[in-house]
Amino acid sequence: MRFTWFLSIVVAFCMAAAAPARAENSSVEVLGLDQLPPDMTLVVGQVATVLRGEEPDEALPVFMTEEALSGLTMFGTLSYEGFAVASIAMLESALIEVGPAKMRSDFTLIFMDGLGRRATAGIVAEYAIYPSGILIESAKAAPVFPASPESELYYVPAKTVPSDLLTRMTDHASLLEWVRSNAVVPGASGGDYFVFACLTEEVEADAVLSLLMSSISKGTQGRYLPAQTLYDGGWLVSVGRLDIEGKRASGQFIKLVFGGGAHKPAEMREPRLIGAFPLQP
């Protein structure tokens, strides 16, 4: 039954040998499935099924109106195909009518895929509980974009990178797999490298990710590196080229500076440091 994937919470994923540092993120208080009321467990399961790009699961006693189905998928534009639910955050749940009982729930689903990429969706749903099952009468979902997305930084020798890499490999998942499998730790003697800054949390289309060089690890000051950006339906990579000059690289950092999209409040659009990585370990 398709619902079985939902009952397995994703705990961790294996990473490539050239494991990157990660930017810090504030934690979110979440509930386990065993803490949810039975009706909410069923509703969350059906909502997650739809958001993963599947038809509502007929094995579940949970039904949806056309309005609810369209609202969940943003009329077909929202889908987390290939992702599983990693965690659930309940924001609010209230009884709004009786006879039959009608509930209004506000919750967040955090999805994760096999590469460790994470996407968050906020959902508001109203549903009625009948003896024969649950009817989700209305529902709306929208992506929730982080202020400081999780990031990874990789070095790939320039001689390894095909000249048409970003035009030939335009989907984020394939590029991330390729980068992880070809990444190295820069040697003490330096060399010519491509630097791949990969965000592993979904971000908005007009978000900006910049690469800077600096001798200090804090703040957003530094020398901007020319970079090419790939944005693939929520997933962002910035790629720059850097000639690391051996001992002169000591004490230097590559900074990742992120600026949020236009829909965010002004203070969240300001460029912010989300990662600082020493050129040499």
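Residues numbered from 1 in each chain as written. Predicted model: local features only at pLDDT ≥ 70, side-chain atom pairs only at ≥ 80, totals over all residues. Heavy atoms only, no water.

Asker: Kindly report on the overall build of the protein, identifying the contributing residues and their values.
Answerer: A count of helices and strands for the protein gives five helices and 13 strands. Going through the 281 residues of the protein one by one, you find that 48% of them count as buried. (Helix = DSSP H or I, 4+ residues; strand = E, 2+ residues; numbered from the N terminus. Buried < 20%, exposed > 50% of the residue type's maximum accessible area, 1.4 Å probe, protein only.)

Asker: Describe the nonpolar core, and please don't skip the residues or the numbers.
Answerer: Nonpolar side chains tend to gather and get buried jointly when the protein is soluble and globular. The biggest cluster of nonpolar side chains holds 32 residues, and the ones touching the most others in it are Val47, Leu51, Leu109, Ile123 and Ile136. Of all the secondary structure elements, the ones that give two or more residues to this core are α1 (38-51), β1 (62-64), α2 (66-72), β2 (84-97), β3 (101-112), β4 (118-130) and β5 (133-143). Ranked by residues supplied to this core, first place goes to α1 with seven residues. Discounting chain neighbours no more than four positions away, the residues touching Ile123 are Val47, Leu51, Leu72, Ser105, Asp106, Phe107, Leu109, Lys140 and Ala141. Formed by 21 residues, the second largest nonpolar core is a distinct cluster that contains Ala197, Val203, Leu236 and Ile274. (Core = buried A, V, L, I, M, F, W, Y, C linked by side-chain atoms within 4.5 Å. Contact = heavy atoms within 4.5 Å.)

Asker: Residues and numbers for the sheet that holds β1, please.
Answerer: With mixed pairing, the five strands of this open sheet are ordered in space as β1-β5-β4-β3-β2. At either margin of the open sheet sits one strand with a lone partner, and together these are β1 and β2. Averaged over all pairs of adjacent strands, the angle between strand axes in this sheet comes to 30 degrees, irrespective of strand direction. Across twelve bridges, β3 lies against β4 in antiparallel orientation. (Pairing = 2+ DSSP bridges. Axes fitted to C-alpha atoms, helices over the stretch in contact; angles between N-to-C directions.)

Asker: Run through the pairing of strand β7 (residues 191-199), naming residues and quoting values.
Answerer: The buried count for β7 comes to seven of nine residues, which makes it a mostly enclosed element. Relative to β7, strand β6 (residues 151-157) runs antiparallel, the two being bridged by seven bridges. Within β7, the position partnered with Pro157 by the bridge is Tyr193. As defined by bridge partners, β7 adjoins strand β11 (residues 235-244) across eight bridges and the pair is classed as antiparallel. Looking at β11, one finds that Val195 is bridged to Gly240.

Asker: Provide a residue-level description of the confidence of the model for the protein, including the pertinent values.
Answerer: Detail in the predicted coordinates should be disregarded across regions flagged by low pLDDT. Put simply, the protein has an average pLDDT of 84, and 85% of its residues get 70 or more. Per-residue pLDDT stays below 50 along residues 1-29; that stretch engages in 65 contacts with residues further than four places along the chain or on separate chains. (pLDDT = per-residue confidence, 0-100.)

Asker: So what's going on with the pattern of salt bridges? Which residues, and what values?
Answerer: Tallied over the full model, the rule gives nine salt bridges. Here Glu152 makes a salt bridge to Arg180, at a shortest N to O gap of 3.1 Å. Residue Glu152 is located in strand β6, and its partner Arg180 is located in helix α4 (residues 172-182); the two are separated by 28 residues in the primary sequence. We classify Glu152 as buried; its relative accessible area is 0%. Taking relative accessible area as the criterion, Arg180 reaches 9% and is therefore assigned buried. (Salt bridge = Lys/Arg side-chain N within 4 Å of Asp/Glu carboxyl O.)

Asker: Lay out the packing of aromatic side chains in plain terms, naming residues and giving numbers.
Answerer: With the rule as written, the count across this model stands at five aromatic pairs. Ring plane angle 80 degrees and centroid distance 6.3 Å describe the contact between Tyr155 and Tyr193, whose orientation is recorded as edge-to-face. Of this pair, Tyr155 sits in strand β6 while Tyr193 sits in strand β7, and the two are 38 residues apart along the sequence. One exposure class covers both Tyr155 and Tyr193, and it is buried. One aromatic cluster is present, formed by Tyr80, Phe83, Phe111 and Trp235 through successive ring pairs. Sitting over the face of the ring of Trp235, Arg117 holds its NZ or CZ atom 4.6 Å from the ring centroid. (Phe/Tyr/Trp six-rings, centres within 6.5 Å; stacked < 30°, edge-to-face > 60°. Lys NZ or Arg CZ within 6 Å of the ring centre and 35° of its normal.)

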